[in-house]
Amino acid sequence: MSETANELVFNDRIDTDTQISSAEAMVLLGRSFALLRHVKGLFAGKFLFALVGILPPLLIPWTGKIVVDQVLLQKPFGESEVRFPPFMDPLIAILEGNTPLAIMGTILTIYAVLLVLFGVRAGGAVTSGLTQGHDSATQSELALSAGSSQSSGIFGVIELMINIRLTQRLANTLRTELFRKLARLPMTTLDDNRIGDSVYRIMYDTPLVPEICFNLSIAPLFAVLGAMISLYLMQYSYGPVAPELVWIAAGLIPLALILTVPLSGFSRRLNQASRASGAATTNTMEESLENISAVQSLGGSRHERERFARDSDQSFKRFRFSFLFGQAMFVVSMFCTVVAGIYVAILVSDLIIGGTMTPGDYAVLFGLYLQLGGTALGIGMYWINLQTNVAAVRRVFFFIDYPSETPGDIHSRLTVQDTIRLDHVSYHYPDGRQALTDIDLEFRVGELTAIVGPTGAGKTSLAYLLPAFLRPSEGRILFDGIDIADVGVDAIRDQVAYVFQEHMLLSESIRSNLLLANPTASENDLRWAIDTAGAGQFVDSLPQGIDTVMGRRGDKLSVGQKQRICIARGLVRDTPVLVLDEPTAALDPETENALVTSLQKAAAGKLVIVIAHRLSTIKRADRIVFLDNGRVRAIGSHETLMADTDGPYRRYVELQTG
Amino acid sequence: MALVVQEIQALTFKNVLRLVLRAWPYYRPQLKHIITYLLLNVVTGALLLTSGLVGNDLLNNKVLVGTPLQPAQATLLFVDDSYVTTGEEGEALTEDQRRTVRNRLFVWAFIGALLLMASFSLVYYYMVWIFQNINQDLRVKMIEQAENLSLRYHSDARTGDAIYRVYQDSATITNVLQQVVITPLRAVAWIFWGVILLTFFSPWLGLLCLLTAVPVVGLFMYFSPRIRVSAQRAREANSDLTSRIQEVFAAIRVVKANRAESEMMRRFDEDSGNALDAAFVLRVNIVLLSMSILVLGFGVVLIAEYLMASWTLSETATFLGGVVSIVGFAYWNLGAYQSAAGNIAQTARQSADVAQIWGGAADLLVGLQRAYFLLDLEPEVTEPDDPVTFPGPVGSVNWQDVRFSYDGDTPVLKSVSLSAAAGTITAIVGSTGSGKSTLMSLLLRLYDPDEGAICINGTPITRFGIDDLRSNIAIALQQNLLFTASVADNIAYATKDRSRDEIIEAARIACADEFIAEMPDGYDTELGERGSKLSTGQRQRLTIARALLRDTPILILDEPTASLDAETERQVLSNIAQWGKDRIVFLITHRLSTIRSADQIAFLHRGSIAEVGNHETLMASEAGHYRRFVHAEAGTDQ
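Model, not experiment: these values are computed from the prediction. (Residues numbered from 1 in each chain as written. Chains lettered and ligands numbered in written order. Predicted model: local features only at pLDDT ≥ 70, side-chain atom pairs only at ≥ 80, totals over all residues. Heavy atoms only, no water.)

Concerning the pattern of salt bridges
Right, so step 1: This model, assessed by the stated rule, comprises 45 salt bridges over all chains.
Right, so step 2: When the shortest N-O distance is used, the salt bridge between A:Asp440 and A:Arg421 registers 3.2 Å. A residue pair is termed long-range when its members are at least 10 positions apart, and A:Asp440 in strand E4 (residues 434-444) and A:Arg421 in strand E3 (residues 419-428) qualify at 19 residues.
Right, so step 3: Among the residues examined, A:Asp440 registers a relative accessible area of 30% and is labelled partly exposed.
Right, so step 4: Two residues, B:Asp169 and B:Arg370, come together in a salt bridge whose shortest N-O distance is 2.5 Å. Of the two residues, B:Asp169 sits in helix H6 (residues 159-171) while B:Arg370 sits in helix H11 (residues 334-376), which places them 201 residues apart along the sequence. For the pair formed by B:Asp169 and B:Arg370, the shared burial category is buried.
Right, so step 5: Each of A:Asp197, A:Arg201, A:Asp205, A:Arg275 and A:Arg395 takes part in salt bridges that share partners, so that together they form one network. (Salt bridge = Lys/Arg side-chain N within 4 Å of Asp/Glu carboxyl O. Helix = DSSP H or I, 4+ residues; strand = E, 2+ residues; numbered from the N terminus. Buried < 20%, exposed > 50% of the residue type's maximum accessible area, 1.4 Å probe, protein only.)

Okay, here's the thing in C-alpha cells:
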C-alpha cells in the first residue's frame, strides 16, 4: 500500500479530505447540538436534577467556617468582618448562643441528612467511568454509556441513571441513522468503502456525539451558573474586605480560554489522525480475518501479522500524540490556576494575620477559589475536548451527508406483469470506463432469458440495472411501460430478486438467512424455495436441518451448497423478476440439470434472467442475449442463433464444445 | 449469539490471581519501565503525603493562628530560633514572623506544585506509553493466533467477535496491573496508612474505621456476582453488535438485493438495544456499590468529627502526637482536627474508590478472559517439533487412506487414496459437496486428516514446517479472495522480491495481462474493497496469476475457469499446461473441456475415490460414474 500518497495514509478511499476549518467545526457542533431534540424528556430530567444538585453543596464552605471559628476556636458569631450570605441566616439564628458542641451536633445532623440524599461532604460527583484502554476505540466504547452527576447519594444515583440513558439514546439515534445511511450507499460507493472503517465509524465514532451535546449545553451552563454563584458569594461576603479576590477569580475563565482556543485546530487534526489510524487498523484486521482461507493457503500469515502490527502501532502512536497535547494543555492551564491560587492565598492570609478575617475564612475562600479555578480549567478544556469530538463527529456526518439511494415511496404502484424494456441504455462507471453501450431490448414475463458473452462483456453490469444497483447513464428502463428513473429503489427491488455470483450468507441459521429476504414467508414457502433450489436433500442431512447455524459466511458448506441456499433465498421473495448471476457455475452437471428444470418451472408467470457460461444452461433458455464489449450482438433462441453460421454466438458455442 | 461458547469463571481470588499471572509474559518485556514507573509513583506519592501534613500544620496552626514552629520546620524554612517554640504557655509569632513563614511556605508550595505538575504529566504519559506497548504485544499475539487457528475454528466463529476480542477485550490487559494490582494495593495502603495515622491521633478513631469494614465486606459480597454477570453480558452484547455490523457490510449487496435494509435495521436495533441495556445495568450496579460504601464511610466521618470536635474543645492530648517533632499535634487543635478529618475522609473516599475499581476489575477480568480464550484455543494444525526441509524436486504426492470430517460426525472423506506424479495434471471431478475442495485443503494443512496421511516424496506433510509446506504449494481458491490493494500487490501477495516483470509474466499466463493493461493505472490500479470493482472472470484470473507467480512445484486450481468464457479458458489452460511441465498440477472442475486435457482424472463420489484414470479409460467403463457424469454434461450439450 503506497504510504506516499497522502490521502491513502489511512487507506481511506472515499473520505479523503479530512481538514476541518473552524467554521465547519461550528456547523458540526450545531448539528450535534440539534440531536438533543430526540431526547427532550431525558434532557429535561437531567437538567432539573443538575439544577437542584447545585444547591446543597453551597452550604458546605459556610458550615465549614462555623466548625472552625465557632466550634474549634470557640469564637462568637459576628467577630469577623465577613458577612455570611443571606441563605445562612436562618441556620445562624438557630445556632447562635449554643455551646460549641451543640453547634457541632446540629451541623453534623444536617450533614447526615444531606449525605444520604445528595452525598454532601462525600466529594460529590459520581461517574459511570470504567477502566479504559489507551487508544481511541476503547475509550469511545466507554463514552457510549458515559454519565455523571455533580451530586451523589440517592439523588446522584438517579441523576446518573438518567444521564447514562440520555447519552446512550443520543449516541444510538445517531449510530442507527449512520447505519441506515451506510446501508443505503450506492453500489458504486460501497465498492470503495472499507468494511472495517464502517465498523469503526458506527461503533467508535458515534459515541462521542453525546459529549458534544453536553459540552454545548449542560456543562457550560452549569459551569457558568456555578461560577456566578461562587462569584456572588465572594462578592457578598468578601467584596468589601478584599475586592481584588473577586477580580482574580472572575479573570480565570477568560484566561483559560485565551490560552486554549488558539490551539484548537491543532488538537482537531491530531485527533482526526488518531481516529483514521484506528479505522485503518480495523480494516487490516477485518480483511485478514475475512480472507482467512486465502491468507492461510497462500502462506500469508506472517505478512498479515506484520501489517496488523504496523497499523496497530501507528494507531497507538497517533493516540499518544493527541494525548500528549491534551496533557500539555492541562499543565498550562493548571499552572495559571496555581499562580493565581498562591496570590489568593497570600492576600487572604495577610488579612487573617492582620485580623480582618478569621482562620475559618481561609477554608471558605480557598474552597470558593478552587471551585472557580476548576470551572475555569474546565471551560478551557471544553473547547479542546469539543475539537477532539468534532473529529469523530465529522467522520459520522460525512456519511450521513453522503448522497445515497433514495428508498422512495414503497407504496408506489410499480409492477412487472408484462415486460421490462431497456430503451437505448448506456452505462459508464464513475471513473469513466464504458460498461454498456446503447442496449435496446425487452424481457418478457413467462420467459427464461439467458445473458451470454465472453468475460468482461458487461453481463453483470446489465443485470445490475434491473434492481437499480446501477442507474443508466443514458437511456431509460421501463417496467410495464413506466420509467423507473424516478422510482425509489425500494419499490424497484420489491419487483426484482437478485442472486449473486458470490454467495454471501450471514452466520445465522439457514432459516434466518432465508427470512432475511422475506420476513413473512411461511414454512411452506421456505420448503418450496429450498426444494426448488435443489437444496432439500443436503439441508435435511444437516444436524438441525433448516435451523442449522452456519459459520462465518457459511463456510461449513461447500461452495455448491452455499450457492443453492442463495438461490433459495432469491426464490423466497417471490418477486415477478428473478435474476440469477451464474447460478450453476459450481454445480456438477446432474445438480445443474435438476436446478435448471426447477427454475424453468418456477419461471412460469415470472421474468427470469440467467447469466451463464454453461451451454447446458444456456440452451434451455427461451431467449438468449449475446453480449460482447458492452453491446448486444445477437438475440434469439439457441436454434435461431446457431443458424447464423458466421454469428458471434455460434463461434462462442463452437469454442465451448471444442 | 456467540457460536464459540466460552464459560466465564467466578471472580474468586484464585481466578483473579491466575489471570494476573497470565498477563505476566506481556508485562515482562516492559518490566524495567514498569518498575521505574512504580518508583516514580511511590516517590511522588510520599512527597505529596508528607508535604501535605507539614504544609497543613504550618498554614493552619502557624500562619493563620500564630503558634511558633517546631525546630525542624524552622530549618526547612530557613528561619532563626526566634520562630521556634519554647514550650511556654501563651507564646505566639509576631505578625511579621507569620508573614515570613507564609511567604517561605508559599515559595516551597510553588516549587512543589511546578515539580508535581510536570512530573505528574510526564509520569502519566510514560504510563500510557508502557501500557500501549503491552497492549500491542497482546493484540499482535492474538492476531497471530487467529491467523494460525485452523479453518475449522474460523468456520464456526464470527469475524466481528474476533475484532471485538482483539480490540476491546485485549485493551483490558493494560489495566490489569493498574486496576487489579497497583490501585487496590495503593488504596489498601492508603486506607491502612489512614487508620494508622488516625490511631496516632486516637485509638478510638482507628477502631471506628475497622468496625466499618464489616458492612463494607457484606456489600461487596452482595454486589460482586451481579457485577460480574452484567459485565459479561455487556461484552458479549457488544461483540454481537460488532459482528452484526461487520456482516451486514460484508454482505451488503445481498441486503440491498433482497431489500432487507429494514429487516437489517430491526436486527441492528435489537442488538444495539441489548448492548446498551447491558452497559446500563453494569454501570448502575457498580455505582450502587460504590455509592453505598461512600455514604457509609462518610457517616463514619461525621461521627468522628463530632468526637474530634469535643476533644479539641477540651484540649485533650492526642494519643501519640507528641512523638513526632515536625508537626505540632501533641494535643487536639485546629491543625490536628483538619489533618485527622482530612485523613478519615480520605480513607472513606479510598474505600469507595476501591468499590468502583472492583466493579471495573470485574469487567476487566471478564474482558481479559475473553482475550485469553482466543489465545488458549489449541491450533489443531501444529508445527512439527523437528521439521524436515521441504524436498528439492517434488516427485510425487500421495493421499494414503485419508479420512476426514469437519464436525467429527459426518465424514466428508472416507478412506481416500490418490497419488500424482511430477509433470502430470490431475483433474478432481465429482458432484457438488463430494469433498473435492476438502481433499486439497488437507494437502495445504488447512486441516489435518482424522486418519491416514498425506506424503510428498514419501515424507508425511506433518513433518514439514507449515510455512515451508505452504510456500511450496500455490492455490487459486474457488472464492477468488482478493485484498484491497493494487493489482500488482494482489498478485504478489505474501511473496517477497518479485519484480514487475515476473508479475506481468504471471498475469500473462493467466490471460489477465490484457485487461489489467486497460485499467486506469495498469498494474498500480487500486482495487475496490476486496476487488469488488472487477468482474468475477477478472478476479478469477488474478487469483490464478497470484498462484502462478509463487512458482511452486505444486499448483492447485479450484474451479479455476468456472466464470471464464470458453476462449479465455482454453488459452489459460494451455498456458498452464505449458508452464506446469515439471510440476504437479491439480484441477478441480466440472468442465469437460478442462477435464479432458488432464493426464489423470480422479472421480470423487460421496467422500471416496470411485474411479481413477484418463478420459479414455474411464469412458470405457460402461456403468462408470464418470461416464454418467460426462453424459449428463454432454448429453444436453450435443
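With respect to the domain arrangement of chain B
Right, so step 1: According to the domain assignment, chain B contains domain 1 (16-376) and domain 2 (381-472 + 590-638).
Right, so step 2: Distance between the C-alpha centres of domain 1 of chain B and domain 2 of chain B: 62 Å. (Domains from an automatic or database assignment.)

Examining the domain arrangement of chain A
A common measure of how large an interface is: the accessible area buried when the components associate.
Residue and element names in this part refer to chain A.
Right, so step 1: What the domain assignment lists for chain A is domain 1 (21-54 + 124-401), domain 2 (419-495 + 575-657) and domain 3 (504-559).
Right, so step 2: The C-alpha centroid of domain 3 is placed 27 Å from the C-alpha centroid of domain 2.
Right, so step 3: With 4 residues of domain 2 in contact, the opposing surface of domain 3 contributes 4 residues.
Right, so step 4: In this assembly, domain 2 packs against domain 3 so that about 310 Å² is buried in total across both faces, 76% of it on carbon and sulfur atoms.
Right, so step 5: The largest share of the area that domain 2 buries against domain 3 comes from Ala 586, Leu 595 and Ser 598, three residues that together contribute 65% of it.
Right, so step 6: Where domain 2 touches domain 3, the interface holds 1 residue pair in polar contact (both at pLDDT 80 or more).
Right, so step 7: Class assignment for the residues of the side of domain 2 that touches domain 3 results in 3 nonpolar, 1 polar and no charged. (Contact = heavy atoms within 4.5 Å. Buried area = accessible area lost by both parts, 1.4 Å probe. Polar contact = N/O pair within 3.5 Å; in protein donor to acceptor, adjacent residues only side chain to side chain. Nonpolar A, V, L, I, M, F, W, Y, C, P; charged D, E, K, R; others polar.)

Re the confidence of the model for chain B
Residues and elements named next belong to chain B.
Right, so step 1: Confidence in the prediction for chain B averages 82 pLDDT; 94% of positions are at 70 or higher.
Right, so step 2: Mean pLDDT across the secondary structure elements of chain B bottoms out at helix H5 (residues 151-154), with 68, and peaks at strand E4 (residues 451-456), with 91.
Right, so step 3: Throughout residues 1-5 the model reports pLDDT below 50, and contacts reaching past four residues in sequence, or to other chains, amount to 17 contacts. (pLDDT = per-residue confidence, 0-100.)

Section: the nonpolar core
Right, so step 1: Judged by nonpolar contacts, the single largest core of 263 residues is most densely connected at A:Ile66, A:Met357, A:Ile420, A:Leu422, A:Phe479, A:Phe500 and B:Ile245.
Right, so step 2: Not counting chain neighbours up to four residues away, the residues in contact with A:Ile66 comprise A:Val71, A:Phe77, A:Phe84, A:Met88, A:Ile92, A:Leu95, A:Ile103 and A:Ile107.
Right, so step 3: If you look at the next biggest cluster of nonpolar residues, it comprises 48 residues, including B:Phe515, B:Leu548, B:Val585 and B:Phe629. (Core = buried A, V, L, I, M, F, W, Y, C linked by side-chain atoms within 4.5 Å.)

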